[in-house]
Amino acid sequence: PLFGRKKNDEKVHSKYSFKDVLGTGAFSEVVLAENKQTKEKFAIKCIDKRAVKGKEKSLENEIAILQKVEHPNIVKLIELYDSKTHLYLIMELVTGGELFDRIVQKGSYTERDASVLIKQVLEAVGYLHDIGIVHRDLKPENLLYYSPADDSKIMISDFGLSHMDDGTAMATACGTPGYVAPEVLAQEPYGKEVDCWSIGVISYILLCGYPPFYDEDDTELFAQIMRAAYEFDSPYWDDISDSAKDFINGLMCKIVKRRVSCLQALRHPWISGGEALTKNIH
Ligand code: ADP
Ligand code: MG
C-alpha cells in the first residue's frame with residue numbers, strides 16, 4: 001500500500017539532500033535533490049497527501065501505471081517513497097527549462113522548429129495512448145527541454161496526475177482552460193482525443209505566439225472553446241503554410257470522431273513530409 005508509512009520521510013531525506021524548489025503545482029512542489037552518495041541530481045515531486053484526500057485509490061492506480069512508462073520524451077520515474085503526509089516521486093532531472101521560455105529567448109523560430117518539437121510530443125503521447133494512458137493535462141508548462149543544448153529534445157514532465165481532478169474543476173482551478181478540449185468543457189465523456197486537441201492548441205501558439213481562444217470572461221472563453229471558434233487571423237498567419245494550418249485543423253477538430261490521432265498526425269506531411277517552412281516566423 002502506498003499510504004500510511006511513517007519512516008519514509010526520514011528515508012528519503014537520508015538518501016537525498018533537498019535543494020532549490022524547481023516549481024510548484026496545484027498539490028505538489030518539485031524540488032532539486034542530490035543523491036548524497038552518488039552526487040547524481042534528481043527532481044523530487046513532493047505531493048501533499050492532505051490535498052489528495054479521498055482520492056488515494058486513484059493516485060495509487062495512477063502511480064502503478066506511471067512506473068511502467070518508459071519513453072525517451074517522457075521524464076522517467078526513478079523511485080517513490082510514501083510517508084504519512086507526503087508522496088515523493090523521484091524523477092529524472094531535466095535542465096533545459098520550459099518550452100515557451102526558450103522560444104521567447106530564441107532569436108528566430110521557424111515552422112520546421114515547431115514541427116520537430118511537435119513530432120516528439122506526438123511520439124510520446126502516442127506511446128501513452130498505446131499503453132492506455134490519457135495525459136489530460138498537456139500544456140506548455142508541462143513540456144520541458146531535456147538540456148540547455150540548442151538541439152535538446154523535449155520532455156513531458158508531468159505525470160498526468162490531473163486524474164485527481166474532474167475536468168471542469170481542473171480547468172477553472174488551474175486558470176488554464178485554454179488547452180482543454182471542447183468535450184471536456186461540455187462535460188461529455190472523453191478519451192485520448194483530448195490530448196490531440198491540446199497538442200493542436202500548443203502547435204497553434206508555437207506558430208503565431210498567441211493562444212487560439214481568449215476572453216477575460218471565463219464563461220465566454222469556455223463557449224468559444226466549445227464552438228471550436230478559432231481563426232488563422234491576418235496578418236499573423238499570412239506567412240504560415242497551408243500545410244501547417246491543415247495540420248492544426250486536424251487536431252483542433254471539434255468533432256471528436258473526426259479529430260486526427262497521434263499516429264495520423266505523425267503521418268501528416270507537415271510533420272513527416274518536409275512541408276514545414278524554414279523561414280523565420282517570429
Ligand atoms: P504539477 O503537476 O503540480 O503541475 P509538474 O510536474 O508540472 O507539477 O512540475 C511543476 C514544475 O516543476 C514544472 O513546471 C517544472 O518547472 C518543474 N519540474 C517538474 N518536473 C521536473 C523535472 N523532472 N526536472 C526539472 N524540473 C521539473
Ligand atoms: Mg504541471
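Residues numbered from 1 in each chain as written. Chains lettered and ligands numbered in written order. Predicted model: local features only at pLDDT ≥ 70, side-chain atom pairs only at ≥ 80, totals over all residues.

1. Focus: the overall build of the chain
Here is step 1: Broken down by element type, the chain carries 11 helices and 7 strands.
Here is step 2: Taken over the C-alpha trace, the chain has a radius of gyration of 19 Å; the compact-globule value for 282 residues is 19 Å, and the two agree within 12%.
Here is step 3: Long-range contacts, defined here as pairs at least 24 residues apart, represent 64% of the contacts in the chain between residues at least 6 apart. (Helix = DSSP H or I, 4+ residues; strand = E, 2+ residues; numbered from the N terminus. Rg over C-alpha atoms; globule rule 2.2 N^0.38 Å. Contact = placed C-beta atoms within 7 Å.)

2. A closer look at the site of ligand 1
Here is step 1: In the vicinity of ligand 1 there are 20 residues, among which Gly-23, Gly-25, Val-30, Ala-43 and Asp-158 approach most closely.
Here is step 2: Of all the secondary structure elements, the ones that give two or more residues to the shell around ligand 1 are β1 (16-24), β2 (28-35), β3 (41-48) and β5 (86-92).
Here is step 3: Classifying every residue of the shell around ligand 1 by side-chain character gives 10 nonpolar, 5 polar and 5 charged. (Near = placed C-beta within 6 Å. Nonpolar A, V, L, I, M, F, W, Y, C, P; charged D, E, K, R; others polar.)

3. Considerations on the nonpolar core
Here is step 1: Counting residues in hydrophobic clusters, the biggest one holds 62 residues, and the most contacted among them are Ile-44, Tyr-88, Val-121, Leu-122, Val-125, Ile-199 and Leu-251.
Here is step 2: Here the element with the most residues in this core is helix α7 (residues 193-208); it accounts for 10 residues. (Core = buried A, V, L, I, M, F, W, Y, C linked by C-beta atoms within 7 Å. Buried ≥ 20, exposed ≤ 12 C-beta atoms within 10 Å, placed from the backbone.)

4. Quick word on the confidence of the model for the chain
Here is step 1: Summarising the model, the chain shows a mean pLDDT of 88, and 91% of its residues fall at 70 or more.
Here is step 2: Ignoring residues within four places in sequence, the model shows residues 164-175, a span with pLDDT below 50, making 18 contacts including any to other chains.
Here is step 3: Confidence metrics for the complex model read pTM 0.89 and ipTM 0.95. (pLDDT = per-residue confidence, 0-100.)

5. Overview of the environment of Lys-19
Here is step 1: Relative to the assigned elements, Lys-19 resides in strand β1.
Here is step 2: With near-sequence residues (within four places) excluded, Lys-19 lies in contact with Val-31, Leu-32, Ala-33 and Glu-34.

6. Focus: the sheet that holds β3
Here is step 1: With antiparallel pairing, the 5 strands of this open sheet are ordered in space as β1-β2-β3-β5-β4. Two strands bound the open sheet, and with one partner strand each, they are β1 and β4 (77-82). Between one strand axis and the next, the sheet turns through 25° on average, direction left out of account.
Here is step 2: Alignment of β3 against β5, held across 7 bridges, turns out to be antiparallel. Paired with Ile-44 across the strands is Ile-90, a residue of β5. (Pairing = 2+ DSSP bridges. Axes fitted to C-alpha atoms, helices over the stretch in contact; angles between N-to-C directions.)

7. Re the packing of α7 against helix α9 (residues 242-251)
Here is step 1: Running from amino to carboxyl end, α7 crosses α9 at an angle of 150°, the nearest separation of the two axes being 8 Å. Between α7 and α9, the crossing angle belongs to the class labelled roughly antiparallel. Like other packed secondary-structure pairs, α7 and α9 cross with a definite hand, here left-handed. Residues Cys-196, Trp-197, Ile-199, Gly-200, Ser-203, Tyr-204 and Leu-207 of α7 touch α9, and the partners they reach there are Ala-244, Phe-247, Ile-248 and Leu-251.
Here is step 2: A per-class count over the contact of α7 with α9 returns 9 nonpolar, 2 polar and no charged. (Parallel < 35°, antiparallel > 145°, perpendicular 65-115°, else oblique. Left-handed = near helix turned anticlockwise from the far one by under 90°.)

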